[in-house]
Amino acid sequence: MNPTPAPFPVRLLVCDDHAVVRAGLLALLASAGDIDVVGEASSGEEAVDLAARLAPQVVLMDLQLGDGIDGVEAARRITAVPEPPHVLVLTTYDTDADITRAIGAGATGYLLKAERPEELFAAVHSAAQGRTVLSPPVASRVMAQMRAPAPQLTERETEILAQLAHGLGNREIARALFISEATVKTHLGRIYDKLGVDTRAGAVAVAKERRLLR
């Protein structure tokens, strides 16, 4: 993949909470010659602030950012403004839930940190042009999701999933549906298994992506 070279260096903001990883990325990106790192952030909140102030074309975003908002929420806030920068996820995580949440939040691309430097450089330029770019393993997962039949949820599981989407906790769901908290937990375990996720946010994201919520 060799996108048409940009007439000017791509303005890039890097967000990663690990200082050593961030320093390595900055050194690597500096070697590209046609990528201008205009800022670096160590948290999701800082990335949102710098994206608004520095007007980068692309934000290179990790998903797990320690305390505060994660990369998905940061991407959602960054892309919620008029003429936003493109968010390119760079992470070690490639679960269906992470991919679905990131793309749903507005990420233009999703790369794994195992990619070669030249692939990263090309992805940054592609993202700057608004082109979707996915690491091969991520593309395979996305295609598998699209081809897979929709999970068959029971009526009760669908009701609980709907309550999850409204932000209710287990106790609140139990009260709303007149069932015990233990029953809620049992159903949640089955929902997670069927959707291939392990978190509440992941379950809601996959459910929305596959239009399982009424």
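Bear in mind the structure is a predicted one, so any value in this text is a computation, not a measurement.

Peer 1: Honestly, the overall build of the chain in this entry has me stumped. Any pointers?
Peer 2: A tally of regular secondary structure across the chain gives 10 helices and 6 strands. Projected onto its principal axes, the C-alpha coordinates of the chain cover approximately 60 × 35 × 30 Å. The proportion of buried residues among the 214 residues of the chain is 43%. Sequence separation of at least 24 residues holds for 63% of the intrachain contacts in the chain that already meet a minimum separation of 6.

Peer 1: Explain helix α7 (residues 155-165) here, please?
Peer 2: For the α-helix, the turn length of 3.6 residues means that residues three or four positions removed from each other point alike. Those residues of α7 that sit buried are E157, T158, I160, L161, Q163 and L164. Once α7 finishes, G167 follows within two positions and takes phi at roughly 85°, a positive value.

Peer 1: What's the story with the sheet that holds strand β4 (residues 86-91) in this structure? I'm lost.
Peer 2: Hydrogen bonding along the main chain pairs the strands of a sheet, whether they run parallel or antiparallel. Strand order in this open sheet of 6 strands is β2-β1-β3-β4-β5-β6, and the pairing throughout is parallel. With one partner strand each, in any of the chains shown, β2 (35-41) and β6 (133-134) form the two edges of the open sheet. As paired strands, β4 and strand β5 (residues 109-112) are joined by 4 bridges and run parallel to one another. The residue bridging V89 from the neighbouring strand is Y110, located in β5. Relative to the sheet, helix α2 (residues 44-54) contacts β1 (10-15), β2 and β3 (58-61), its axis offset from that of β2 by approximately 135°. On top of the sheet, helix α5 (residues 117-128) reaches β1, β2, β3, β4, β5 and β6; it is set at about 155° to β4, its chief contact.

Peer 1: Looking at this model, I keep getting lost on the pairing of β5. Mind explaining?
Peer 2: It is a general feature of regular strands that their side chains alternate between the two faces of the sheet. The two faces of β5 match: G109 and L111 on one face and Y110 and L112 on the other face are all buried. Handedness of the crossover joining β4 and β5 through helix α4 (residues 96-104) is recorded here as right-handed. With 2 bridges joining them, β5 and β6 adopt parallel strand pairing. Paired with G109 across the bridge in β6 is V133. Considered for its hand, the β-α-β crossover made up of β5, α5 and β6 is left-handed.

Rules of the game
Residues numbered from 1 in each chain as written. Predicted model: local features only at pLDDT ≥ 70, side-chain atom pairs only at ≥ 80, totals over all residues. Heavy atoms only, no water. Helix = DSSP H or I, 4+ residues; strand = E, 2+ residues; numbered from the N terminus. Buried < 20%, exposed > 50% of the residue type's maximum accessible area, 1.4 Å probe, protein only. Contact = heavy atoms within 4.5 Å. Pairing = 2+ DSSP bridges. Axes fitted to C-alpha atoms, helices over the stretch in contact; angles between N-to-C directions. Right-handed = clockwise from strand over helix to strand, strands pointing away.

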